[in-house]
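# Report on the structure
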Amino acid sequence: MDCTHAQALLSPYIDGELAVDQVAALEQHLEICPECRALCDAERSMSTFLRAEGERFTAPIHLKALIRSTIERKARSPFADLRFLFVGWNPVALAASLLLVVAVSSGATLQLMGAGGAGHEAMVAQEVVAGQIRSLLPGHLTDVASSEQRTVKPWFGGKLNFSPPVIDLASAGFPLAGGRLDYLDNRTVAALVYRRAQHVINVFVWPEGGDQQPRFEAQSGYNLAYYKHGGMEFWAVSDLNAAEFKEFIDHLRTASESAT
Amino acid sequence: MSVEKELKARRFQQVIMPHLDAAYNLARWLTRNDSDAQDVVQEACMRAFKYFDGFEGENPSAWLLAIVRNSCFTWMRRNHPSEVVAGSEAITDETTASGATILGVDNRELSSDPETLLIERRDRMQANELVQRLPAEYREVIVLREIEDLSYREIADVVGIPIGTVMSRLARARKMLQDSWRRTQAQR
């Protein structure tokens with residue numbers, strides 16, 4: 001084997017893609033040729049280096065959420081292709097179209113289920129999911145970013161006519177990330193944001209009488225829970241798995257009960 | 001809402017969505033910026049969903065990556081036509097032999113202690129920069145090989161070229177990397 005031939009085989013050799021007989025012939029050549037051996041070492045070290053240090057970018061969570069929800073909508077709504085009426089892939093237009101589809105399909109749900117409590121609940125559930133997706137758009141997650149109850153609670157003070165319970169669950173592994181105002185069920189509500197690893201949990205809170213044990217459901221790939229307690233209605237939503245999501249709800253309820 | 005469509009969406013989420021990071025990584029490397037990469041991945045996923053009925057293969061990752069890379073190159077031809085080299089195979093053949101000889105001289109010195117070199121003289125920034133400077137066709141195969149750890153067969157499927165071309169393109173890309181790195185060192 002001459003050097004030109006050997007050097008042509010170096011790349012597949014270090015990738016482990018060379019046939020066995022060619023490996024033997026190449027190694028024989030490398031034994032006797034310091035120049036090709038040096039080249040081989042240099043290429044191998046570059047490969048090792050890129051594997052160790054080359055960046056593997058990961059998709060932003062809001063991108064995953066957008067794609068997931070768009071797919072869901074396409075599957076369930078006859079109006080799925082409304083999205084294409086909007087120019088380009090501007091995330092704001094995309095969010096607007098998602099909301100439009102939500103509005104249309106939740107209207108349909110209402111008719112199907114009647115105007116009773118269940119229909120209303122389904123409608124709120126859809127709005128909650130839309131709220132979660134909206135919150136994941138860049139810059140929409142929190143208006144006040146803080147893990148401090150003492151910072152987040154007063155922030156709501158001047159903006160709402162009620163005082164949502166603000167509880168940090170960092171000790172349970174669900175740190176508070178902040179809060180913001182949102183609009184759900186035709187009213188301004190408090191949204192509290194918690195995190196678990198890369199997952200985001202939104203908790204929407206507003207005043208509502210009555211007591212209701214938690215009810216869980218899954219929608220568009222998200223887990224939802226809702227309950228009423230202490231004059232407040234709580235809706236939580238996340239892409240967290242069902243077990244951890246339930247754990248979060250348990251902690252949230254226990255903590256808010258002991259706080260009141 | 002039809003049950004079939006619902007099932008298709010569910011299956012898509014289970015089979016294809018786990019490869020979204022790989023899809024984004026490839027798009028991010030090819031477009032070189034986050035917002036274009038997001039646009040391209042979204043577009044590619046909608047195309048993937050549209051054609052998902054026809055997907056029966058065993059390698060959903062390669063299938064999605066092939067759609068993503070095609071979307072990327074369409075995007076580049078539209079937005080940065082100068083970056084996409086037409087007929088890049090000609091370049092491969094033309095420079096291989098001479099390139100190798102030149103590199104051979106220098107690399108003897110470089111390889112005297114590869115471990116030390118790795119630790120002391122290169123860092124992540126440099127790794128990314130080296131890859132970033134490659135022309136798109138070569139950047140693509142390096143990212144698929146070194147960062148996504150695909151086999152030659154899988155790369156051939158994703159890029160839509162014969163395995164022999166994967167081999168020569170990778171070899172050429174590696175020579176470019178050595179060359180580029182050598183120039184960086186000379187400037188210091």
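Everything discussed here concerns the structure shown above.
Residues numbered from 1 in each chain as written. Chains lettered and ligands numbered in written order. Predicted model: local features only at pLDDT ≥ 70, side-chain atom pairs only at ≥ 80, totals over all residues.

Secondary structure summary: chain B contains 10 helices and zero strands in total. In sequence order, chain B lays out its α and β elements as α-α-α-α-α-α-α-α-α-α. Looking at chain B as a whole, 37% of its 188 residues qualify as buried. A separation threshold of at least 6 residues defines the contact pool for chain B, and within that pool the share at least 24 residues apart is 68%. (Helix = DSSP H or I, 4+ residues; strand = E, 2+ residues; numbered from the N terminus. Buried ≥ 20, exposed ≤ 12 C-beta atoms within 10 Å, placed from the backbone. Contact = placed C-beta atoms within 7 Å.)

This part takes up the sheet that holds strand 1 (residues 144-145) of chain A. Residues and elements named next belong to chain A. Across the sheet, which stays open at both edges, the seven strands sit in the order 1-2-3-4-7-6-5 with antiparallel pairing between neighbours. The open sheet terminates on both sides in strands that have one partner only, identified here as strand 1 and strand 5 (212-219). Note: strand 3 (residues 187-196) against strand 4 (residues 199-207), seven bridges, orientation antiparallel. From the neighbouring strand, R195 faces strand 4, where its bridge partner is V200. Each of strand 1, strand 2 (176-184) and strand 3 touches helix 7 (residues 149-157); the most contacted strand, strand 2, lies at about 20° to it. (Pairing = 2+ DSSP bridges. Axes fitted to C-alpha atoms, helices over the stretch in contact; angles between N-to-C directions.)

The interface is formed by 40 residues belonging to chain A together with 47 residues belonging to chain B. Of all elements in the fold, only helix 1 (3-14), helix 3 (34-53) and helix 4 (61-76) of chain A reach the threshold of two or more residues within the side of chain A that touches chain B. Per element, the largest residue contribution to the side of chain A that touches chain B is 14 residues, and it comes from helix 3 of chain A. Grouping the constituent residues of the side of chain A that touches chain B by class yields 17 nonpolar, nine polar and 14 charged. (Nonpolar A, V, L, I, M, F, W, Y, C, P; charged D, E, K, R; others polar.)

The next subject is the environment of B:I163. All names here are of chain B. For I163, the position within the fold is in helix 10 (residues 163-187). Classification of I163 by C-beta neighbours within 10 Å gives partly exposed; the count is 14. Linking I163 and R153, residues 10 residues apart in sequence, is a C-alpha distance of 6.3 Å. In this structure, I163 is in contact with Y152, R153 and A156, ignoring residues within four places of it in sequence.

This part covers the environment of A:A130. As for its position among the elements, A:A130 is in helix 6 (residues 117-135). The spatial distance from the C-alpha of A:A130 to the C-alpha of A:L184 is 9.6 Å, given a sequence separation of 54 residues.

The next subject is the packing of helix 2 (residues 20-31) of chain B against helix 8 (residues 136-147) of chain B. Each packed pair of helices is defined by two parameters, the angle between the axes and the distance between the axes. Residue and element names in this part refer to chain B. It is the contact of helix 2 with helix 8, at a shortest axis distance of 10 Å, that shows an interaxial angle of 150°. Classed by the angle they form, the pair helix 2 and helix 8 counts as roughly antiparallel. Seen from above, helix 2 lies across helix 8 with right-handed handedness. Taken together, the residues of helix 8 that come into contact with helix 2 (itself represented by N25, L26, W29 and L30) are A136, R139, E140, V143 and I147. (Parallel < 35°, antiparallel > 145°, perpendicular 65-115°, else oblique. Left-handed = near helix turned anticlockwise from the far one by under 90°.)

For the rest of this paragraph, the subject is helix 4 (residues 60-79) of chain B. Residue and element names in this part refer to chain B. The terminal C-alpha atoms of helix 4, which comprises 20 residues, lie 28 Å apart, in line with the 28 Å expected from a rise of 1.5 Å per residue. For helix 4, the full list of buried residues reads A62, W63, L64, L65, I67, V68, R69, S71 and C72. Taken together, the buried residues of helix 4 touch helix 2, helix 3 (34-50), helix 8 and helix 9 (152-159). (Expected span 1.5 Å × (residues − 1).)

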